[in-house]
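# Structural overview for review
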Amino acid sequence: MIEDIEIILESSIRLGHIFLFAALGEYVAERAGTINISLEGMLLAGAFGGALGASETGSPVLGIFAGIAAGFIISYLQANLSHRLNIDQFVVGIALTVLSIGLTTFLFLEIKIYSGRIHEFAIPVLSEIPIIGTALFAQRWLGYVAFVLPFFIWAIVHRTRWGLEVRSVGEDPSAANVSGIPVLKRRRQSIYIAGMCAGLSGAYLSLAVTGAFSQNMSAGKGVVAIAAVLFGGWTLFGTICGSLLFGFADALGLSLQIIGFNVIPGPVLDSMPYLLALIGLLTIANMAKKPAALAENFDPSD
Amino acid sequence: MSTLAENSNRRNDTISKLFGFFDDSNKLLFSVLLIACLAGGLFISGLLVAAVGGSPTKVLSSLIEGSFQTPGAFGRTLIEAVPLLLVSVGVIVSFKAGHYNIGTEGQVAIGALFATVVALQTPGPGWLVATLAVVAGFAGGAFWSGIAVAAYLWRRVDVMISTLLLTFIAPNVVLFAVSKDYLLLDTTDSNTRLASQSERIPSEKRLMEFEVFGQEIHLGFVAAIIISLLVTALLGKSVWGLRVRLLGSNFLTAKRYGVTQHREGATALLISGGFSGLAGGMIVMGSAFRLQNHIANDFGWDGLLSAIVARLSGYLALISSVFFAALRTGSSFLAATGVSRTITSVIQGLMVIAALMPAALLVVIYRSDSGKRIFKSGKKGELE
Amino acid sequence: MTDSPNVLELVSVTKKFGSLVACDAVEFAVPEGEIVGLLGQNGAGKSTLMNIVMGLYQPDSGKILVQGKEEKIRSPKHAAELGVAMVHQHFSVIDALTVWESVCLGDKLVRKRYDPKAVIEEVFSLAEKYGLEVNPHSRISELTPGQRQRVEILKCLRRDPRVLILDEPTSVLTDEESIKFFDVVQRVVEDEGRAAVLISHKLDEILYATKKVVIMRDGLVIERFETEKAEAGLLAEAMVGRKVSLRSRGSAFGVKDNLGNSTVEKLPDAHEIQKMPERTKDYSQPILRIENVSCTDNTGRQLNSFDLDVSAGEVLGITGAEGNGQSVLADILSSLLKIDSGKIYLDEKLVSTGIPGLMSESGIAVIPEDRHESGCALDLTVAENLILNRLDKLSSWGIISKEKRNSYVSGLIKKYDVKAFSAGQLFKNLSGGNQQKCVVARELAAEPKVLVAVQPTRGLDVGAIEFMVEQIKLAATSGLAVLLISTEIGEVLELSDRLVVMHRGHNQLELSRNDFDIESIGMAMAGESI
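Residues numbered from 1 in each chain as written. Chains lettered and ligands numbered in written order. Predicted model: local features only at pLDDT ≥ 70, side-chain atom pairs only at ≥ 80, totals over all residues. Heavy atoms only, no water.

## A few points about the overall build of chain A
As a reminder, the rule being used: Elements are defined by DSSP. Helices are runs of H or I of four residues or more, strands are runs of E of two residues or more, and each kind is numbered from the N terminus. When accessible area is computed with a 1.4 Å probe and restricted to protein chains, residues below 20% of their type maximum are described as buried, those above 50% as exposed, and intermediate ones as partly exposed. Per-residue and other accessible areas were derived by the Shrake-Rupley procedure at a 1.4 Å probe size, with only the shown protein chains allowed to occlude residues.
The helix and strand tally for chain A stands at 13 helices and two strands. Every one of the 302 residues in chain A was classed for burial, and the buried ones make up 62%. When the accessible area of chain A is evaluated, it comes to approximately 10600 Å², of which 70% is carbon and sulfur surface.

Below is the structure:
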């Protein structure tokens, strides 16, 4: 029984990190007023870039950077198409997601990738703690970024001028504009952050969780990460909770099938994170106050 | 001053936001840009092919060969175009109403599920069962989008996010149905390994097939074209259509004249989901003949893209859905060129971006100094 | 001429938009230690001029001197670096932020380090220095308009500007708040050797606060006065440029006669009000009757036990400072809001509220305050916009009849002189004036019983204003009950047969035309009962 709990916990943390990394980036983008549908594409690109980079260079560290770069490339396109050329952010998001799926699948079939997997690093003593020890302190080492990244995001959004400007741009772009804040630039930059975080998330997925890239391996994880931000009511703490909760749902589904628990049918368990995200949106998300200018285009020439 | 900033996902001026500033006076420039962008997209695809060591011209010729030239290929393309067209029309209806139903892939799957259930379990004359099954497909898709509608009306959950999440749930529902013997799992002797699929739909219950100019086509093809033309005409010319478009353009103005999210918004989304479901029904009844895992097979996604490439015009969707269908059928001929068939999804993505670019480029041109000189804007807003 | 050097000087500045000359060789100077008034109607070019100074527009010709040095102001950022700061008409502070966050937002322009503690300190000390009480830790959303304005000016002062540009800074303030505001500005300018430009169309406030006044009309500087020597009537006439109608002058002088020397009595129109031909009609049969209605919209604006009735042929003016429930009333009558209690009768029949489309169907036509928000559909064509309330009449079997539509639409376009390439043109490509004409045309063509016009002339040019006023008069003569909701007191005085002043969501004062009295109106607007 304890072992089962350990398995479930361990995999919730592992899978939760995927959502967490991406959701943290999306949190920044949403505070600046963008719902970044292409997060899914950024995540997938990151997974592919990570695997490809690690395979080509033989170094997982460089692979991670390649993943982040891949996420950034998609975010660069998203940001400039939607917040420079002023094309609808959602349609750009859909197009880029489709493009990333197509491109990664195409290149995956054309290029041989042997990425290998980031190794595990158990922190002495801490990892001996019963139940939570292995889950938290015996992760693949990239997982430990999860201890740092939230603080980093919190600091840049809530403790810097840049963050203040980002928040103001998400709340009232025209007021920010007259205060001399470059609205579109801040929005673009926040999307770059989202892209890099999603790239990291993808690299973590392909290099730490599975150890290999596979076709369309993100499978909606980016969407769930977006839902985590909404679920978290556009607060950082809520976003983290949302991500870990959805990670738990995902892990529960997988682990219960592995453990052989078959009262709830497999397909239902597979749907868990999406179902939970939907239920979360129906219940908690609407109590929160969202950034007032969320999802609204801003055209400074008007 | 906004007194009624509802806590909703208000999405005004959908069309201009999608396709930007469109001055009536510059249709020519716009068309030139559009064609240039589409060509640019194809060119980049060609570069990509060349980059992985393939031959762009060979890829192009095999795509054309596979989709139009070989015997029966054109018919196959047209049959593939049926679900794409239906999905596109549905997407157009919802986008025009200001709601982004982008969960079409899931709605196609559920539509296929509903159609299969009816087709396999309803006794009666074949043509009647086939019709009922297709209608059930519509109901299935509408039901699946209906969940998103309910979530929107009840709790203002963004339709875009909820339909997307539902899309990832739908395949699991289908998988569940086709893997349980008490549901749809094929338990006949032919399926000895109990693969996750339903029984085949008996041939008398399938959509009627006929031959035109040597191409095998089923009745759904005719139906799809009629339905899309009809819906497109209604959107443009009927009271319902105007009300739906009014809602997408300005929901407060709409409310003043009695157009509401509860009625027009919800029906637009239900119809939208219904068309995707109808597409699912057509797939089962017209080409797949059984329900399997992954029955939707990207038809939902491709239809969505095709609608955007058609710039939300129902008439242009007729063309773009055939184009997307050709990419699908043609891709099976790519094996000989040594280039992966997935190049077609890259082409699709690029085409969508290409279709969005001209409006943005127009803005850039207008704003640039030389653009200002050339196109002395005929529009004069007031000062201040 | 004063001896003080000019902090800001514009020399022959010209700016064109297409064929429209927004600023035509404008000469404008602001000496140190002075507040200069910039007076003009909407569209006179004063905002364009200030946008040039702020670096938002580049002038086509002419030059700008800041502290005697010629500068090409490239951007708001550059303007800030040069010491030009603007207090905006619409607040540039953001609801969700705190006071100190708002104050240091955009600090980068002046290369200040981001240091919350220092900012909070500074807000405290500045607030104390100028007597602008405000807690740096409050959320902006919790503040009153007056307090927001304080934050706005704090934000500005923190950057130690040489020139302050005040763009209609008192539009949402009470009189008391306005006086306090100008006292601070005067102190800042005179004691500390800065300069300020006050853009306004309220004569009394110009007379109260400025040393000089420059009047613009149609892009030209028409007159310059030493304020001491100026007289309100003169200013008003120069601003409007012709024998001033009561409306235009009324909109210019505002009603703040408790601002310093009362100017209102000096105006000849104050007497003219009484001399206006009295309209004797029978108003005993109200068409629209609002009884004891209470309602709150989601921004917290309220109607409190509000009563009102309007009769056929009558123009009832509703005025009051902005945000006192006028918009709630308009939203209720546009079927956008549901009332909490009370009753609304139309032609003696009870009407339900909050049912989409019902008000329009029952015969209440509304010209909304912001047509882009609830008056039109920019993505539809002109024709489609014109028929929104006539869909049933123009269609059969749910299909819109092309012939009926075309003849109906072309009739309206002709009657209201809408300038469009074709009826199939997209609505967003019409100019603002023509868009407004379309809205009016659509609303009046449905043969309503009641016409509600909310700020009908705001943001329109003079020609379009004339048109609107004409239409409102015409509507009343043809037997409609007209509800004119406006903060432009002059407009209300000229057009109304009866007048209601709203304050905090209820009916503070009701006067019939014979008893119009600016002093009591002003007091009622400030919330004092008479």
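Back to the text.
## Some points on the interface of chain A and chain C
As a reminder of what qualifies: It only takes one pair of heavy atoms within 4.5 Å for two residues to be counted as in contact. What counts as buried area is the accessible surface, traced by a 1.4 Å probe, that two parts surrender upon association, with contributions from both included. Note on definitions: salt bridges are taken to be side-chain nitrogens of Lys or Arg within 4 Å of carboxyl oxygens of Asp or Glu. In protein, a polar contact requires one atom able to donate a hydrogen and another able to accept it; more generally it is a pair of N or O atoms within 3.5 Å, and residues adjacent in sequence count only if both atoms are side-chain atoms. For this classification, the nonpolar set comprises Ala, Val, Leu, Ile, Met, Phe, Trp, Tyr, Cys and Pro, the charged set comprises Asp, Glu, Lys and Arg, and every other residue, Gly included, is treated as polar.
With 16 residues of chain A at the contact, the number on the chain C side is 19 residues. Interface area for chain A against chain C, summed over the two sides, is near 1400 Å², with a carbon-plus-sulfur share of 63%. Among the residues of chain A in contact with chain C, Arg 161, Leu 164 and Ser 179 of chain A are the three that bury the most area, contributing 44% of the side total. Scanning the region where chain A abuts chain C turns up one salt bridge. Arg 167 of chain A is paired through a salt bridge with Glu 101 of chain C; the nearest N and O atoms lie 3.1 Å apart. Linking chain A to chain C there are two residue pairs in polar contact (both at pLDDT 80 or more). Elements that contribute at least two residues to the side of chain A that touches chain C include exactly α7 (161–171) and α8 (173–178) of chain A. Of the residues assigned to the side of chain A that touches chain C, the class counts are five nonpolar, four polar and seven charged.

## Remarks on the packing of aromatic side chains
So the rule is basically this: Centres within 6.5 Å are what make two rings of Phe, Tyr or Trp a pair, Trp counting through its six-membered ring; a difference in plane orientation under 30 degrees is then read as stacked, over 60 as edge-to-face, and the rest as tilted. In this analysis the charged atom, NZ for Lys or CZ for Arg, is taken to sit over a ring once it is within 6 Å of the ring centre and within 35 degrees of the ring normal.
Scanning the model with the defined rule gives 19 aromatic pairs over all chains in all. The interplanar angle of 20° and the centroid separation of 6.1 Å between the aromatic rings of Tyr 144 of chain A and Phe 147 of chain A together place this pair among those described as stacked. An angle of 70° between the planes, with centres 5.4 Å apart, marks the rings of Phe 181 of chain C and Phe 182 of chain C as edge-to-face. Phe 182 of chain C matches Phe 181 of chain C in its accessibility class, with the two residues each being buried. Among the aromatic residues, those joined into a ring-pair cluster are Phe 48, Phe 108 and Phe 213 of chain A. A cation over an aromatic ring shows up here: Arg 156 of chain B above the ring of Tyr 152 of chain B, its NZ or CZ 4.8 Å from the ring centre.

## What to know about the packing of helix α10 (residues 221–231) of chain A against helix α13 (residues 272–283) of chain A
All names here are of chain A. Convention followed: Every axis corresponds to a line fitted to the C-alpha atoms, with the helix fit spanning only the stretch in contact, and the corresponding angles, defined between N-to-C directions, vary from 0 to 180 degrees. Any angle that is under 35 degrees is reported as roughly parallel, and any over 145 degrees as roughly antiparallel; angles of 65 to 115 degrees are reported as roughly perpendicular and all others as oblique. Handedness of a crossing follows from how the near helix is turned relative to the far one, being left-handed for an anticlockwise turn of less than a right angle and right-handed for a clockwise one.
Here α10 crosses α13 at 25°, and the two axes come no closer than 9 Å. With respect to α13, the axis of α10 lies roughly parallel. The crossing of α10 and α13 is left-handed. Side by side, α10 and α13 meet where Val 224, Ala 227, Leu 230 and Phe 231 of the first sit next to Tyr 274, Ala 277, Gly 280 and Leu 281 of the second. Partitioned by chemical class, the residues of the contact of α10 with α13 number seven nonpolar, one polar and no charged.

## So, the side chain of Thr 163 of chain B
Residue and element names in this part refer to chain B. Within the element layout of this structure, Thr 163 appears in helix α7 (residues 159–179). The class of Thr 163 is buried, set by a relative accessible area of 2%. Looking at Thr 163, its side chain comes within polar contact range of the main-chain nitrogen of Gly 103, at 3.5 Å. From its side chain, Thr 163 meets the backbone oxygen of Met 160 in a polar contact 3.1 Å long. Beyond its immediate sequence surroundings of up to four residues, Thr 163 is in contact with Tyr 100, Asn 101, Ile 102, Gly 103, Gln 107 and Ala 148.

## So, the nonpolar core
Applicable threshold: What is meant by a nonpolar core is a set of buried Ala, Val, Leu, Ile, Met, Phe, Trp, Tyr and Cys residues, joined one to another through side-chain atoms within 4.5 Å. Start and end points for every domain follow an automatic or database-based domain assignment.
Judged by nonpolar contacts, the single largest core of 175 residues is most densely connected at Ile 35, Ile 37 and Ile 153 of chain A together with Leu 165, Met 285 and Leu 291 of chain B. Take this core: its biggest share by element is 13 residues, from helix α9 (residues 183–210) of chain A. Each of two domains, domain 1 (26–70 + 338–372) and domain 2 (73–332) of chain B, supplies a minimum of three residues to this core. Dropping the residues within four chain positions of it, Ile 35 of chain A is found in contact with Glu 26, Glu 30, Gln 89, Phe 90, Ile 226, Leu 294 and Ala 295 of chain A together with Met 160 and Ile 161 of chain B. Among the nonpolar cores identified, the runner-up in size contains 66 residues, and Cys 376, Leu 388, Ala 475 and Ala 524 of chain C belong to it.

## Focus: the sheet that holds strand β8 (residues 195–200) of chain C
All names here are of chain C. Spelled out, the test is: In this analysis, strands are considered paired if DSSP registers two or more bridges between them.
Across the sheet, which stays open at both edges, the six strands sit in the order β6-β7-β8-β3-β9-β10 with mixed pairing between neighbours. Sheet topology places β6 (84–87) and β10 (220–226) at the edges, where each strand pairs with a single neighbour. With direction set aside, neighbouring strand axes in the sheet form an average angle of 20°. Here strand β3 (residues 35–39) pairs with strand β9 (residues 212–217) via four bridges, running parallel. Bridge pairing in β9 links Val 36 to Lys 212.

## Side note on the pattern of salt bridges
The final tally for this structure, using the stated rule, is 26 salt bridges over all chains. A salt bridge links Arg 243 of chain B to Glu 264 of chain B, with the nearest nitrogen and oxygen atoms 2.8 Å apart. With a gap of 21 residues between them, Arg 243 of chain B in helix α9 (residues 239–249) and Glu 264 of chain B in helix α11 (residues 261–288) connect regions that are remote in the sequence. Among the salt bridges present, the one from Asp 379 of chain C reaches Lys 428 of chain C, with a minimum N-O distance of 3.7 Å. Remark: Lys 428 of chain C occurs in the loop between α15 (402–415) and α16 (432–445) and Asp 379 of chain C occurs in the loop between α13 (371–374) and α14 (382–386); sequence separation between them is 49 residues. Look at Lys 428 of chain C and you get buried, because its relative accessible area is 15%. Where salt bridges share partners, they join Lys 129, Asp 160, Glu 192 and Arg 194 of chain C into one cluster.

## Quick notes on helix α3 (residues 56–69) of chain B
The cut-off we apply is this: How far a helix is expected to stretch is found by multiplying one less than its residue total by 1.5 Å.
Counted at 1.5 Å a residue, the expected span for α3 of chain B with its 14 residues is 20 Å, and the 18 Å between its end C-alpha atoms agrees. On its buried face, α3 of chain B is in contact with α2 (27–51), α4 (73–96), α13 (314–331) and α14 (343–367) of chain B.

## A short note on the packing of helix α2 (residues 39–57) of chain A against helix α3 (residues 60–83) of chain A
Residues and elements named next belong to chain A. As a packed pair, α2 and α3 sit with axes 6 Å apart at the nearest point and diverge in direction by 145°. Of the two possible hands of crossing, α2 and α3 adopt the one that is right-handed. Along the contact surface, α2 presents Gly 41, Met 42, Ala 45, Gly 46, Gly 49, Gly 50, Gly 53, Ala 54 and Thr 57, while α3 presents Pro 60, Leu 62, Gly 63, Ala 66, Gly 67, Ala 70, Gly 71, Ile 74, Ser 75 and Gln 78. Residue classes in the contact of α2 with α3 are distributed as eight nonpolar, 11 polar and no charged.

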